[in-house]
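Descriptive structure summary
Each chain, written out:
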Amino acid sequence: MLNQLQLLKRPRRNRKSEAVRALVQETHLTSKDFIAPFFLTEGKNIRAPITSLPGQFHLSRDTLHQEIDELLNLGINSLIFFPLINPKYKDATGSYATSEENHLLKTIRTIKESYPELCLFADVALDPFTSHGHDGLLSNSGEVLNDVTLPILAQMSVLYAEAGVDVIAPSDMMDGRVKFIREALDENRHHSVSIMSYSAKYASSFYGPFRDALKSAPSKGNKKSYQMNPANSQEAILEALLDEEEGADFLMVKPASLYLDIIHKIKEATLLPVAAYHVSGEYAMLKAASQNKWLDFDQALYESLISIKRAGADIIISYGAKEIAQIIKNS
Ligand code: PBG
């Protein structure tokens with residue numbers, strides 16, 4: 001047997017039992033940290049599994065209630081909506097986005113009526129509505145146009161606010177959209193409707209399963225002229241501070257797990273709450289590996305999400321919201 005060394009500092013003492021480990025744990029997850037995403041479709045009695053996002057569904061207005069009840073029981077009160085749009089309604093300008101017939105608006109109205117206590121978020125961007133799958137209008141040469149897209153985003157935001165959305169979440173990355181949306185909301189007496197801006201949104205390959213779910217992948221080109229280069233971090237701070245100046249109430253980083261440094265830097269640069277979007281590809285990777293028994297889904301989900309919170313996120317959007325709330329409840 002080796003003699004015991006005279007070590008004054010032994011960090012392992014603070015890891016010696018479950019009880020001590022719990023006492024010194026620095027970061028905690030609660031169900032209140034999460035926003036649960038939903039993919040909404042028109043029609044009745046639809047709960048169609050999304051192959052690229054195991055455990056997620058396309059839901060029609062009537063089947064959404066059951067999902068919401070489950071979330072409320074687990075302590076999750078915040079939802080974000082994404083619309084699946086029938087290709088027959090898609091066109092070059094995404095006109096269905098600002099149509100009163102828009103099924104998302106109808107769903108939001110019923111949900112707000114049935115559950116006034118919920119905090120409802122709506123993603124604002126044109127890509128689910130445009131035939132070309134870009135987040136803005138296109139010029140004849142295929143350039144994604146900034147300034148002419150802004151009034152449409154503002155109009156969408158006002159319609160969502162009228163339907164009962166509590167937080168508008170612009171995900172398009174056009175310059176100046178937060179200011180434009182804030183002014184339109186205020187002009188229409190929606191002073192209390194908030195803006196959660198996708199501030200540092202990267203041109204990421206991890207949105208694949210989401211685009212598959214909404215059939216919204218760009219038909220031509222990519223989104224690199226508006227979404228950010230994964231190589232950059234200074235630019236993320238610039239984007240975040242601009243959004244703050246323009247009137248955002250929350251700043252968001254997306255994706256999350258690969259961009260923990262960005263979450264941390266933005267958290268240090270602002271006094272606003274910081275959200276992080278644990279995106280479809282991040283969730284689908286965990287599902288795929290766990291289906292192959294290469295890792296344990298619950299443990300990997302917990303580790304991914306607590307790392308995002310440790311990095312500085314106050315709020316996390318995750319397809320695993322319900323699963324993590326269940327894990328937290330059982331722990
Ligand atoms: C719409 C939007 C996208 C995501 C959220 N809002 C797709 C994109 O920008 O191409 C991705 C979310 C995810 O992958 O979970 N602009």
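Residues numbered from 1 in each chain as written. Predicted model: local features only at pLDDT ≥ 70, side-chain atom pairs only at ≥ 80, totals over all residues. Heavy atoms only, no water.

**Let's talk about the overall build of the protein chain**
Counting its regular elements, the protein chain contains 11 helices and 12 strands. Over its C-alpha atoms the protein chain spans a radius of gyration of 21 Å, differing by no more than 12% from the 20 Å that the globule rule assigns to 331 residues. Once the C-alpha set of the protein chain is aligned to its principal axes, its extents read approximately 80 × 45 × 40 Å. For the protein chain, with 331 residues in total, the buried portion stands at 54%. By element, 52% of the accessible surface of the protein chain is carried by carbon and sulfur atoms, the whole surface being about 15900 Å². In the protein chain, 35 side chains carry a positive charge and 41 a negative one; their mean positions are 9 Å apart. (Helix = DSSP H or I, 4+ residues; strand = E, 2+ residues; numbered from the N terminus. Rg over C-alpha atoms; globule rule 2.2 N^0.38 Å. Buried < 20%, exposed > 50% of the residue type's maximum accessible area, 1.4 Å probe, protein only. Areas by Shrake-Rupley, 256 points an atom, 1.4 Å probe, with all protein chains shown as cover. Lys, Arg positive; Asp, Glu negative; His and termini not counted. Charge placed at Lys NZ, Arg CZ, Asp CG, Glu CD.)

**A closer look at a positive patch on the surface**
Positive charge collects at one region of the surface, where Arg-10, Arg-12, Arg-13, Arg-15 and Lys-16 lie side by side. Among the structural elements, Arg-12 can be located in the segment before helix 1 (18-24). You can call Arg-12 exposed: its relative accessible area is 68%. (Patch = residues over 30% accessible without salt bridge, like charges linked within 9 Å, V, L, I, M, F, W, Y side chains within 5 Å. Salt bridge = Lys/Arg side-chain N within 4 Å of Asp/Glu carboxyl O.)

**Points about the site of the ligand**
In the vicinity of the ligand lie 18 residues, with Lys-201, Arg-211, Lys-254, Ser-280 and Tyr-319 positioned nearest. Here Arg-211 contributes a side-chain N or O atom positioned 2.7 Å from an oxygen atom of the ligand. Gln-227 is positioned such that a nitrogen or oxygen atom in its side chain is 2.9 Å from an oxygen atom of the ligand. In isolation the ligand exposes 400 Å². Once the protein is present, 100% of that is buried. Each residue belonging to the shell around the ligand can be placed in one class, and the counts come to 8 nonpolar, 3 polar and 7 charged. (Near = heavy atom within 4 Å. Polar contact = N/O pair within 3.5 Å; in protein donor to acceptor, adjacent residues only side chain to side chain. Nonpolar A, V, L, I, M, F, W, Y, C, P; charged D, E, K, R; others polar.)

**Some points on the pattern of salt bridges**
Inspection of every chain in the model, using the stated rule, returns 17 salt bridges. Of the charged contacts, one joins Lys-106 and Glu-101 as a salt bridge, the two residues approaching to 4.0 Å between their closest N and O atoms. Classification of Lys-106 by relative accessible area gives partly exposed; the value is 32%. Between Lys-267 and Asp-314 there is a salt bridge, with its nearest N and O atoms 3.0 Å apart. Within this pair, whereas Lys-267 is found in helix 8 (residues 260-269), its partner Asp-314 is found in the loop between helix 10 (297-311) and strand 12 (315-318), the two being separated by 47 residues in sequence.

**What to know about the side chain of Asp-172**
Here Asp-172 shows up in the loop between strand 8 (167-170) and helix 5 (177-187). Look at Asp-172 and you get buried, because its relative accessible area is 0%. One polar contact links the side chain of Asp-172 to the main-chain amide nitrogen of Met-174, over a distance of 2.7 Å. Ignoring anything within four residues of it in the chain, the contact list for Asp-172 reads Val-124, Ala-125, Asp-135, Leu-153, Arg-177 and Tyr-226. (Contact = heavy atoms within 4.5 Å.)

**Considerations on helix 9 (residues 280-291)**
One turn of an α-helix holds 3.6 residues; hence residues three or four places apart share an orientation. Compared with an ideal rise of 1.5 Å per residue, which puts 12 residues at 16 Å, helix 9 spans 16 Å between its outermost C-alpha atoms and is within 8% of the ideal. Among the 12 residues that make up helix 9, 9 are buried, leaving the element largely enclosed by the rest of the structure. Listed as buried for helix 9 are Ser-280, Gly-281, Glu-282, Tyr-283, Ala-284, Leu-286, Lys-287, Ala-289 and Ser-290. Close packing links the buried residues of helix 9 with helix 6 (208-214), strand 11 (274-278), helix 10 and helix 11 (321-330). (Expected span 1.5 Å × (residues − 1).)

**Details of the environment of Phe-206**
When you line up the elements, Phe-206 lands in the loop between strand 9 (194-201) and helix 6. If we ignore the near neighbours within four places in the chain, the residues touching Phe-206 are Pro-255, Leu-258, Val-279, Ser-280, Gly-281, Glu-282 and Met-285.

**Comments concerning the packing of aromatic side chains**
Inspection of the entire model under this criterion finds 13 aromatic pairs. Ring geometry for Phe-82 versus Phe-210: centroids 5.0 Å apart, planes at 90°, classification edge-to-face. Residue Phe-82 is found in strand 4 (residues 78-83), and its partner Phe-210 is found in helix 6; the two are separated by 128 residues along the sequence. The pair formed by Phe-82 and Phe-210 is uniform in burial state, with each residue classed as buried. Here the aromatic rings of Tyr-198 and Tyr-277 are separated by 6.1 Å at their centres, their planes lie at 45°, and the arrangement is tilted. Residue Tyr-198 is located in strand 9, and its partner Tyr-277 is located in strand 11; the two are separated by 79 residues in the primary sequence. Assessed through its relative accessible area of 0%, Tyr-198 is described here as buried. In textbook terms, an aromatic cluster arises when at least three aromatic residues are bridged by ring pairs, as seen for Phe-39, Phe-82, Tyr-198, Phe-210, Tyr-277, Tyr-283, Phe-297 and Tyr-319. Here the basic side chain of Lys-201 rests over the ring of Tyr-207, its NZ or CZ set 5.5 Å away from the ring centre. Its guanidinium or amino end placed over the ring of Tyr-207, Lys-254 lies 4.4 Å from that ring's centre, counting from NZ or CZ. (Phe/Tyr/Trp six-rings, centres within 6.5 Å; stacked < 30°, edge-to-face > 60°. Lys NZ or Arg CZ within 6 Å of the ring centre and 35° of its normal.)

**Observations regarding the side chain of Glu-246**
Locating Glu-246 in the fold gives a position in helix 7 (residues 234-246). Although Glu-246 is buried, it forms no salt bridge, and the closest oppositely charged side chain is Arg-177 at an N-O distance of 6.4 Å. In this view, Glu-246 contacts Gly-176, Arg-177, Val-178, Lys-179 and Arg-182; residues no more than four positions away in its chain are not counted.

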